[in-house]
Amino acid sequence: MTDAISLRGVHKRYGNFAAVDGVDLTVALGEIVAVLGPNGAGKTTTVEVCEGYRTRDAGEVNVLGFDPATADSAWRERVGIVLQTSGFTDELSVRETVAHFGSMYRSPRDTDEVIAAVGLTDKAGARAGSLSGGQQRRLDVAVGVVGRPELLFLDEPTTGFDPEARRHFWGLIHSLRREGTTIVLTTHYLEEAEALADRVAVMVSGKIKAIGPPATLGGRAEAAAMVRWADDDGPHELRTTEPTKVVAELAALFNGEVPELTVARPTLEDIYLQMIAMER
Amino acid sequence: MQPSAPTSLQLGYGRTVVEMKNLIRNRQYFGFTVLFPVMMLLLFASIFTGTIDGTGVQVSQVYVAGIIGSSLMSTAFVGLAIGIATERDAGLLKRLAGTPMPKAAYFIGKIGMVLIVSVIQTTVMLVLGVSLFGVSLPRSFDAWSTFGWVFLLGVTASTLLGISAGGLIRDAKSAAAVMNLPFVALQFISGVWITVDQLPSWLVKVSQVFPLHWISRGMRSVFLPDSFKVVESGGSWQLGTAAIVLAVWCVAGFFVCVRSFRWTRG
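As a convention, each chain's residues are numbered from 1 in the sequence order in which they are written. A letter from A marks each chain and a number from 1 marks each ligand, given out in the order of writing. It should be noted that, the model being predicted, local features are given only for residues of pLDDT at least 70 and side-chain atom pairs only at 80 or more, the latter also being counted only at that level, while totals for whole chains, interfaces and linings use all residues.

### A closer look at the overall build of chain B
Then, number 1: Helix and strand content of chain B: 10 helices and two strands.
Then, number 2: Only runs of H or I of at least four residues qualify as helices and only runs of E of at least two qualify as strands under DSSP, and these elements are numbered from the N terminus. Beginning at the N terminus, the succession of helices and strands in chain B can be written as α-α-β-β-α-α-α-α-α-α-α-α.
Then, number 3: Compactness check: chain B gives a C-alpha radius of gyration of 19 Å against a globular reference of 18 Å for 266 residues, within 12% of the reference.
Then, number 4: Considered along the principal axes of its C-alpha atoms, chain B spans approximately 70 × 35 × 35 Å. Values of the radius of gyration come from C-alpha atoms, whereas the globule rule sets the reference at 2.2 Å times the count of residues to the power 0.38.

And the structure:
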């Protein structure tokens, strides 16, 4: 058993709406997988089935060797969860909150180290209820990792972060990866998925439409590139599947430097948006 | 070697500390919980004076005994239900359910908080009652043992019912209204503010179904002289019935809260 998560044919309906409509997904131990998709695509439901919050209607679910629907506190010990929305006890300080949640685990991380890791050291004495949205989100992350989870679920963890806080958070995820933590995150930020994930799964209408490393997802590596340059007539652009050849020809033409030369591969966002558009 | 997992009792103690910190640091909520019954006592005891006919008991003494009962139920029943509904709406319950903390620890924390607050409220009432309103503390062991079991059965029944109501309430925004409406009505028909001999007998029969009638009646039996019992329905304290009704509510509350409690909104 080397997989942290294995989903086979998972279905979940709410009334007539198939929120999860036959999902197969395997996450290896130590891997980081990002789940992308528009709102209502079934990302959160899929993650909540893995977390044991929701029961599936059909299919097999195995998370760290157990079925989350019947998992016990020994299993919860190994799983960290950062939910999309969840409250704190407003009148507890940041430090008290992290220490309290840490006390629920056998061998928690050091409270102040966790607070420092999420960048809340300056706010350690502040009441949870007085934090800004982004700061509360960091406290969510602190509480999610304080128990040293083997597997960490993050549901849109960086919503409300400023760019600096987001970079800081990415650093934290990289350090968790070095410790061998398996991480499943949902996100709306494509550059976040690209920066963090070994593999990206795109979910649309309850199904996984594509899964793969961000660099090759949806044929990205082979997709046509855009070569742009300029000459006396103004700017030019050429879409091509052979950008290297085009650049070599341009170099010969200009006999040296090509003015304003850029070669752009489609971004993950371009690929993602094409995928979503095809489904609509 | 792997350290052993924290027990329900250890974490229940931790939860009690968290509940108390949250209560004491929230001035509005703490003020409401502890000062509201005090304010009601001072208002009623100032507005209505004199003695109850044929008993020699001052009305203010009746209020003191009744408010000890009703504030206990207010904390355990109304306060818990609103608190639980609010914590579920905010997602705190969902977060706790995702940790290895044994579920029992959450309830131990709530019960611990209710017990501490009830002891504080009762002490404040008794100090005010003795110093301002001529209440005399009973000297007999019997009276104090009655106080003990009425207090414990009353807190237990109210707590279980409060947890049940917290499970059944759909929306925290409406929780205060949903809980206070029946509770205020109960206070007026259970002899807390108006002695039951002034009420239509059918209304007294209705109130006898509910715990507050028996909690406040039990407290009156402890802190009021025996001459007062002619005012109670049936002309006696009927402590045996009080014990049975409260015990039945404990059992009913236990089964409802086990079935109704939900950790998530969905």
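Back to the text.
### So, helix α9 (residues 211-223) of chain B
Then, number 1: To estimate how far a helix should reach, multiply one less than its number of residues by 1.5 Å. Across its 13 residues, α9(B) extends 19 Å between first and last C-alpha, which sits within 8% of the 18 Å expected from 1.5 Å per residue.
Then, number 2: For α9(B), the buried fraction is high: 13 of the 13 residues fall into the buried class. The exposure scheme places C-beta atoms from the backbone and then counts, for each residue, the other C-beta atoms within 10 Å of its own, assigning buried at 20 or more, exposed at 12 or fewer, and partly exposed in between.

### What to know about the domain arrangement of chain A
Residue and element names in this part refer to chain A.
Then, number 1: Here the bounds of each domain stem from an automatic or database domain assignment. Domain assignment breaks chain A into domain 1 (3-218) and domain 2 (222-279).
Then, number 2: Taking the mean C-alpha position of each, domain 1 and domain 2 sit 37 Å from one another.
Then, number 3: The contact criterion used is a C-beta to C-beta distance within 7 Å, with each C-beta placed from the backbone. Counting residues at the interface gives 13 residues for domain 1 and seven residues for domain 2.
Then, number 4: Those elements giving two or more residues to the side of domain 1 that touches domain 2 turn out to be α7 (190-196), β8 (199-204) and β9 (207-212).
Then, number 5: For the side of domain 1 that touches domain 2, the element with the highest residue contribution is α7, accounting for three residues.
Then, number 6: Residues belonging to the side of domain 1 that touches domain 2 are distributed by class as follows: nine nonpolar, two polar and two charged. Here the nonpolar group is Ala, Val, Leu, Ile, Met, Phe, Trp, Tyr, Cys and Pro; Asp, Glu, Lys and Arg are the charged ones; every other residue, Gly included, is treated as polar.

### Things to note about the pairing of β9(A)
Then, number 1: In the sheet, β8(A) pairs with β9(A) via five bridges, with the strands oriented antiparallel. Pairing of M203(A) across the sheet is with I208(A), part of β9(A). Following DSSP output, two strands are said to pair if at least two bridges run between them.

### What to know about the sheet that holds strand β2 (residues 17-28) of chain A
Residues and elements named next belong to chain A.
Then, number 1: What the three strands build is an open sheet, ordered β2-β1-β4; its pairing is antiparallel. Among the strands making up the open sheet, the edge pair consists of β2 and β4 (58-63). Across the sheet, the mean angle separating the axes of adjacent strands is 15 degrees when strand polarity is ignored.
Then, number 2: Two elements, strand β1 (residues 3-14) and β2, share nine bridges in a ladder whose sense is antiparallel. Within β2, the position partnered with K12 by the bridge is V20.
Then, number 3: Angles here are taken between N-to-C directions and fall from 0 to 180 degrees, while the axes themselves are lines fitted to C-alpha atoms, restricted in helices to the stretch in contact. Running at roughly 60 degrees to β2, helix α1 (residues 43-51) makes contact with β1, β2 and β4 of the sheet.

### A few points about the nonpolar core
Then, number 1: Nonpolar cores are identified as sets of buried Ala, Val, Leu, Ile, Met, Phe, Trp, Tyr and Cys residues joined via C-beta atoms within 7 Å. In terms of nonpolar packing, the biggest core is built from 126 residues, with A34(A), A142(A), V184(A), V64(B) and A81(B) touching the most fellow members.
Then, number 2: Per-element accounting of this core gives the leading share, 16 residues, to helix α3 (residues 59-90) of chain B.
Then, number 3: Among the domains, domain 1 (3-218) and domain 2 (222-279) of chain A are the pair contributing at least three residues each to this core.
Then, number 4: Beyond its immediate sequence surroundings of up to four residues, V184(A) is in contact with I5(A), V27(A), V33(A), V35(A), V47(A) and F153(A).

### Some points on the sheet that holds strand β12 (residues 262-264) of chain A
Residues and elements named next belong to chain A.
Then, number 1: Pairing in this open sheet of three strands is antiparallel, and the strands run β11-β10-β12 from one edge to the other. What marks the edges here is a single partner per strand, and that holds for β11 (234-240) and β12. Strand-to-strand twist of the sheet, defined as the mean angle between neighbouring strand axes without regard to direction, takes the value 20 degrees.
Then, number 2: By the bridge criterion, three bridges tie strand β10 (residues 225-231) to β12 in an arrangement that is antiparallel. Along β12, the bridge assignment pairs R228 with T262.
Then, number 3: Where helix α8 (residues 243-254) meets the sheet, its contacts fall on β10, β11 and β12, and the angle it forms with β10 comes to roughly 15 degrees.

### Here's the deal with the packing of helix α2 (residues 27-47) of chain B against helix α5 (residues 103-132) of chain B
A packed helix pair is summarised by two numbers, namely the angle formed by the two axes and the spacing between the axes.
Residues and elements named next belong to chain B.
Then, number 1: For the pair α2 and α5, interaxial distance at closest approach is 10 Å and the crossing angle is 25 degrees. One element, α2, and the other, α5, form an angle in the roughly parallel class. Considering the relative orientation of α2 and α5, their crossing is right-handed. On the side of α2, the interface is formed by T33, V34, P37, V38 and L41, while α5 contributes V117, I120, Q121, V124, M125 and L128.
Then, number 2: Classifying every residue of the contact of α2 with α5 gives nine nonpolar, two polar and no charged. If an angle is under 35 degrees, it is roughly parallel; if it is over 145, roughly antiparallel; if it lies from 65 to 115, roughly perpendicular; otherwise it is oblique. Crossings are assigned a handedness: left-handed for a near helix turned anticlockwise from the far helix by less than a right angle, right-handed for a clockwise turn.

### Let's talk about the interface of chain B and chain A
Then, number 1: Listed as interface residues are 23 residues of chain B and, on the opposing side, 21 residues of chain A.
Then, number 2: Taken together, the elements giving at least two residues each to the side of chain B that touches chain A come down to α1 (8-25), α3 and α4 (92-97) of chain B.
Then, number 3: The biggest single contributor to the side of chain B that touches chain A is α1(B), with six residues.
Then, number 4: Within the side of chain B that touches chain A, the residues separate by chemical class into 10 nonpolar, eight polar and five charged.

### Points about the packing of α5(B) against helix α6 (residues 141-168) of chain B
Residues and elements named next belong to chain B.
Then, number 1: With their axes 11 Å apart at the nearest point, α5 and α6 run at an angle of 135 degrees to one another. With respect to each other, α5 and α6 are oriented oblique. Note on packing geometry: the crossing formed by α5 with α6 is right-handed. Seen from α5, the contacting residues are F107, I111, V114, L115 and S118; seen from α6, they are V155, T159 and I163.
Then, number 2: Taken together, the residues that form the contact of α5 with α6 break down as six nonpolar, two polar and no charged.

### Focus: the confidence of the model for chain B
Then, number 1: In the predicted model, chain B carries a mean pLDDT of 91, and 99% of its residues have values of at least 70.
Then, number 2: For this predicted complex, the interface confidence reaches an ipTM of 0.88, while the overall pTM sits at 0.89. Each residue gets a pLDDT score, which is the predictor's confidence in that residue and runs from 0 to 100.

### Re unusual backbone geometry
Residue and element names in this part refer to chain A.
Then, number 1: You will see that L64, though not glycine, has its phi angle at about 50 degrees, which is positive.
Then, number 2: Mapped onto the elements, L64 comes out in the loop between β4 and α2 (73-76).
Then, number 3: For L64, a count of 19 C-beta atoms within 10 Å gives the class partly exposed.
Then, number 4: Although it is not a glycine, N255 adopts a positive phi angle of roughly 55 degrees.
Then, number 5: Structurally, N255 is set in the loop between α8 and β12.
Then, number 6: Overall, the presence of 7 C-beta atoms within 10 Å leaves N255 in the exposed class.

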